[in-house]
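In case you want the letters, here they are:
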Amino acid sequence: MSLRDQWSGLFWAAIAIFVCLISVPIGIGTFKSPGPGFLPFWSGVFLGVLSVALVIMSILQGKEEGRISSLWRGLKWHKVILVLTSLFIYTLLLPILGYLITTSGLLILLFGIRRKQRLWIQVLSALITAWVSYLIFYVWLEVQLPKGIFGS
Amino acid sequence: MDILHNLFYGFSVGLQPSNLLFCFLGVLMGTLIGVLPGIGPVGAMSILLPATFRMSPISAIIMLAGIYYGAQYGGSTTSILVNIPGEASSIVTCLDGYQMAKQGRAGPALGIAAFGSFIAGTLGIVGLMIFASPLAEFGLKFGSPEYFSVVLLGLTLVTYLSRGSKIKALMMAAFGVILSCIGIDQINASPRMTFNVTQLWDGIDIVSIAMGLFGISEILINIEETTTAEIIKTRIRNLLPSLSDWRQSIWAILRGTVLGFFLGILPGGGPTLSSFGSYAIEKRISKTPDRFGTGAIEGVAGPESANNAASAGNFIPLFTLGIPGNAMMALLFGALLIHGMRPGPLLIKDHPDLFWGVVSTMYIGNVMLLILNLPLIPLWVKILKVPYGVLFPLILVFCLIGSYSVRNDIFGVLVMIIFGILGYLFRKFDYEGAPLLLGFILGPMFELNLRQSLLFSKGSFLIFFTRPISAVAITIAIILLIYSFISLFIKR
C-alpha cells in the first residue's frame, strides 16, 4: 500500500458519499419493499467502507513509494494529454464538420505522435486511412456516420 | 446419442458459408490481436461488437467467440519471439518460450504452443458439450434467491481470484454495479442517476465502457512508453516438435487441459489464472525444476494448453446460467442481449442453433487456427514489426466509429473517452478494469433478483439461507469475503 492508495481511497470515498447522497431522493425503500435507490445506496455504502479500509491500511503501513508524480516519471505523458485533448476536440467538431474531414484532421496529428516523418507522408496516410475506413464502415457496413455541414 | 445428434445439427449450422466465413474472420482477427501487444481480446471484441449489429446473431457470436479463443493461440507468438506477452494469459509462456527462442529453438516452442492449444481447445469443447446441457437443466431450478446468491458468488470469486489487490477488485466490482444502476429502474420504471441527461435514460452502453477501459486506456499507456521491443533475429525452423519434445510435453498438455477447463468454469478463473496454475504445477511435479525458466518445453506446453481449455470452459456458466465469468464473457453476454437472446438455462433449449452452431464452429475454428498458425508465423513476425505509431491511430479510429455507431450519437464517443481516462488512471493506481465490467454486466441481474427475493420474503434475508443452492452459494461467498478481509490484516 502506498500514497497512491491513500489518494485513490479518498477519491473512492468521495464517490461513495456522492452515490449515497443521490440515492436518497430516488427512494431507498425498506428491506420489505426496496426502492430504486436501494442497490445504489448499499453499493455506495459498501464502496465507502472499502475505500476507508484502503486508506486506513495504507496509513498503518506507513511505507511510501514516492509522490504521485513518480507514476509519470520518465514517461512521455504530454503525448497522453495531446491525444486526449485532440479526442475531445474531435467529438466537438465531428457533428459539425462530419466524419471525413474531422477524422482526417485527427489522423494527421496522431500519425505524427509516435513517429517523426515527413508531413506529406503523414497527411497522405491520414487521408487514405480516413477514406478507407469511410468506405468500409459507411459504404460497405452501412454504419451511420455524421455528415456535417459539408455533407461528408 | 443426443449430443452427437445435436453436434451434427450444429455442424449443419456452422458449415453454412456465411458462418464459416465469420468463424474464419474471428479466429484470424483473434490471432492477429493475440500477436499484437497493446490490444487484447476484450478491446478487440468491444471494438468489433458494433460491426456485428448487421450480422445474424449466430454469425455475430461465432465471430466474437472466434476472436476470444483465437487470441489465446496468437498470444504465445509474441511471448516466445519478443518476450512480450500478447495477452495476460501468455505471460508465463515468456519464461521458457523466450529462452527456447534465444537457444535457437523458437520453432519447437511455437509448434508445441500451437499443437498444445489445438489439443486443449478441442478437448475443452468436448467438455463444454458434455457439461453444458446438464448444467442448463440444473439452472432451471434457479429462482431469484439462487440467482442472487450465485451472482454474488461470481462477483466475489472474480475479485478473490484477481491478480492484484482484492480490496481494489471489490471496489471496482461495486463501482460497476453502481454504474449499472444508471437509467430506467427495472421494477419501478423511473429514471435514476440520470442528472437530466436524456441519453442516460437508456443507461451507459457496455461497448463504450469496454472500449474506453480496455482499448483507449491501452493506447494511452502505450504512447507514453519510451521503449520498443526487440524481436529475436533467429530463423524459425523445425516447427514440428521432435519425438522427445512430445514425450516431455504430452502430459503437461493433458494436465493443463484438465486444470484449464475446470478453472475456466469458475467465475474469474479464466485463461490467465489457468496458465499460471499450470506452470506452477508443472514446475512442482518436475524431476528437474531447475530447467524451468531456462527453456523447458513443458513450461510452454502446459500453460498454452491451459489457457485454451479455459477459454472453452468459460462458455459454460454463460450459456447455461447466463452468468459471465470474466470480461470477455461479459462482452459476449452483452452481444447476446443486443442480438435479442437472453443467456441463461433456456438458451440451449430455445436457441439450439446458436449453442450447437457455436460449439461446432469452435471445432472448425481450432482446426483453422492450427492450419493458420504454423504456416503464418513468418507473417505474424512481420506484423509485429509494424510500428505502434502506425497501429494506434488505426485502433483509435475503430474505437471512435464503434462507440459512435452504438446509438449514432456523439454521446457514446464521449463516454468512451471518459472511461478511457478512467481506465488509464486505474492502471496507474493498480486497479483492474475487469471486475468493473463484470459488476456492470451482472448488476441488473444482481439487483432484480435481490429486490424480488426481498419482496417475496417480506424483507427477510433468511430466504437466501433456507434454499439449498442459494445457501451453499451465499455461504461460500460470505466466507470468501470474510477471508479476503482477514487476509488483508494478517498480511500486515
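Conventions we followed
- Residues numbered from 1 in each chain as written.
- Chains lettered and ligands numbered in written order.
- Predicted model: local features only at pLDDT ≥ 70, side-chain atom pairs only at ≥ 80, totals over all residues.
- Helix = DSSP H or I, 4+ residues; strand = E, 2+ residues; numbered from the N terminus.
- Rg over C-alpha atoms; globule rule 2.2 N^0.38 Å.
- Buried ≥ 20, exposed ≤ 12 C-beta atoms within 10 Å, placed from the backbone.
- Contact = placed C-beta atoms within 7 Å.
- Core = buried A, V, L, I, M, F, W, Y, C linked by C-beta atoms within 7 Å.
- Domains from an automatic or database assignment.
- Nonpolar A, V, L, I, M, F, W, Y, C, P; charged D, E, K, R; others polar.
- pLDDT = per-residue confidence, 0-100.
- Axes fitted to C-alpha atoms, helices over the stretch in contact; angles between N-to-C directions.
- Parallel < 35°, antiparallel > 145°, perpendicular 65-115°, else oblique.
- Left-handed = near helix turned anticlockwise from the far one by under 90°.
- Expected span 1.5 Å × (residues − 1).
- Bend = angle between axes of the 7 residues up to and from the residue.

### Remarks on the overall build of chain B
Along its length, chain B carries 21 helices and two strands. Relative to the globule expectation of 23 Å for 492 residues, the C-alpha radius of gyration of chain B, 22 Å, shows essentially globular dimensions. Reported as C-alpha extents along the three principal axes, the dimensions of chain B are approximately 70 × 60 × 50 Å. Burial statistics for chain B: of 492 residues in total, 61% are counted as buried. Considering only residue pairs separated by 6 or more positions, chain B has 80% of its internal contacts joining residues 24 or more positions apart.

### As for the overall build of chain A
Tallying secondary structure elements over chain A gives five helices and zero strands in all. In sequence order, the secondary structure elements of chain A are arranged as α-α-α-α-α. Along the first, second and third principal axes, the C-alpha set of chain A runs to 60 × 45 × 25 Å. Sorting the 152 residues of chain A into buried and exposed places 29% on the buried side. A sequence separation of at least 24 residues applies to 62% of the contacts in chain A between residues at least 6 apart.

### Some remarks on the nonpolar core
If you look at the biggest cluster of nonpolar residues, it comprises 192 residues, and the most contacted ones within it are Ile61, Leu332 and Leu437 of chain B. Here this core takes 16 residues from helix 6 (residues 106–139) of chain B, the largest share from any one element. In this structure, this core is formed jointly by two domains, domain 1 (3–72) and domain 2 (77–140) of chain A, each of which donates at least three residues. Once residues within four sequence positions are removed from consideration, leucine 437 of chain B is found in contact with Gly176, Ile209, Ala210, Leu213, Ala327 and Ala330 of chain B.

### Structural notes on the interface of chain B and chain A
Facing 48 residues of chain B, the contacting portion of chain A comprises 56 residues. Residue assignment for the side of chain B that touches chain A shows that the elements contributing at least two residues are helix 8 (166–180), helix 9 (206–223), helix 17 (388–405), helix 18 (410–428) and helix 19 (434–456) of chain B. Of the residues forming the side of chain B that touches chain A, the biggest block, 10 residues, is contributed by helix 17 of chain B. Considered class by class, the residues forming the side of chain B that touches chain A number 31 nonpolar, seven polar and 10 charged.

### A look at the confidence of the model for chain A
Averaged over all residues, the pLDDT of chain A is 87; the fraction at 70 or higher stands at 94%. Mean pLDDT across the elements of chain A bottoms out in helix 5 (residues 119–140) of chain A (88) and peaks in helix 1 (residues 3–26) of chain A (93).

### Re the packing of helix 9 of chain B against helix 18 of chain B
All names here are of chain B. The geometry of helix 9 relative to helix 18 is characterised by a closest axis approach of 7 Å and an angle of 55° between their N-to-C directions. Judged by the angle between their axes, helix 9 and helix 18 are oblique. Crossing of helix 9 over helix 18 shows right-handed handedness. Every residue of helix 18 that contacts helix 9 at Ser208, Ile209, Met211, Gly212, Leu213, Phe214, Ile216, Ser217, Leu220 and Ile221 is listed here: Gly412, Val415, Met416, Ile417, Ile418, Phe419, Gly420, Gly423, Tyr424 and Arg427. The residue inventory of the contact of helix 9 with helix 18, partitioned by class, reads 13 nonpolar, six polar and one charged.

### Digging into the environment of leucine 48 of chain B
Along the chain, leucine 48 of chain B falls in helix 3 (residues 41–48). Through-space distance from the C-alpha of leucine 48 of chain B to that of methionine 63 of chain B is 9.5 Å; in sequence the pair is 15 residues apart.

### What about the packing of helix 8 of chain B against helix 19 of chain B?
All names here are of chain B. Interhelical geometry of helix 8 versus helix 19 gives an angle of 45° and a closest axis separation of 7 Å. Between helix 8 and helix 19, the interaxial angle falls into the category oblique. Seen from above, helix 8 lies across helix 19 with right-handed handedness. Between helix 8 and helix 19, the contacting residues are Ala169, Met172, Ala173, Ala174, Phe175, Gly176, Val177, Leu179 and Ser180 on the first element and Pro435, Leu436, Leu437, Leu438, Gly439, Phe440, Gly443, Pro444 and Phe446 on the second. The residue makeup of the contact of helix 8 with helix 19, split by class, is 14 nonpolar, four polar and no charged.

### Focus: the domain arrangement of chain A
It is common to give the size of an interface as the accessible area that goes away when the parts come together. Domain annotation of chain A identifies domain 1 (3–72) and domain 2 (77–140). Look at where the C-alpha atoms of domain 1 of chain A and domain 2 of chain A centre, and you get two points 38 Å apart.

### Section: helix 4 (residues 57–82) of chain B
All names here are of chain B. Between its first and last C-alpha atoms helix 4 spans 37 Å; for 26 residues at 1.5 Å apiece the expected length is 38 Å, and the two agree. Burial of helix 4 is extensive: 25 of the 26 residues sit out of reach of the surface. Just past helix 4, the residue asparagine 83 takes up positive phi, approximately 65°.

### What to know about helix 3 (residues 77–97) of chain A
Compared with an ideal rise of 1.5 Å per residue, which puts 21 residues at 30 Å, helix 3 of chain A spans 29 Å between its outermost C-alpha atoms and is within 8% of the ideal. Considering bend angle alone, the principal kink of helix 3 of chain A is centred on threonine 91 of chain A and spans about 30°; proline proline 95 of chain A follows within four residues of it. Within helix 3 of chain A, burial applies to Val83, Leu87, Tyr90, Leu94 and Leu97 of chain A. Along its buried surface, helix 3 of chain A packs onto helix 4 (99–111) of chain A together with helix 9 and helix 18 of chain B. Once helix 3 of chain A finishes, glycine 98 of chain A follows within two positions and takes phi at roughly 90°, a positive value.

### Structural notes on the confidence of the model for chain B
For chain B, the average pLDDT comes to 85, and 93% of its residues sit at 70 or higher. Within chain B, the lowest mean pLDDT, 76, falls on helix 3 of chain B, and the highest, 94, falls on helix 20 (residues 463–466) of chain B.

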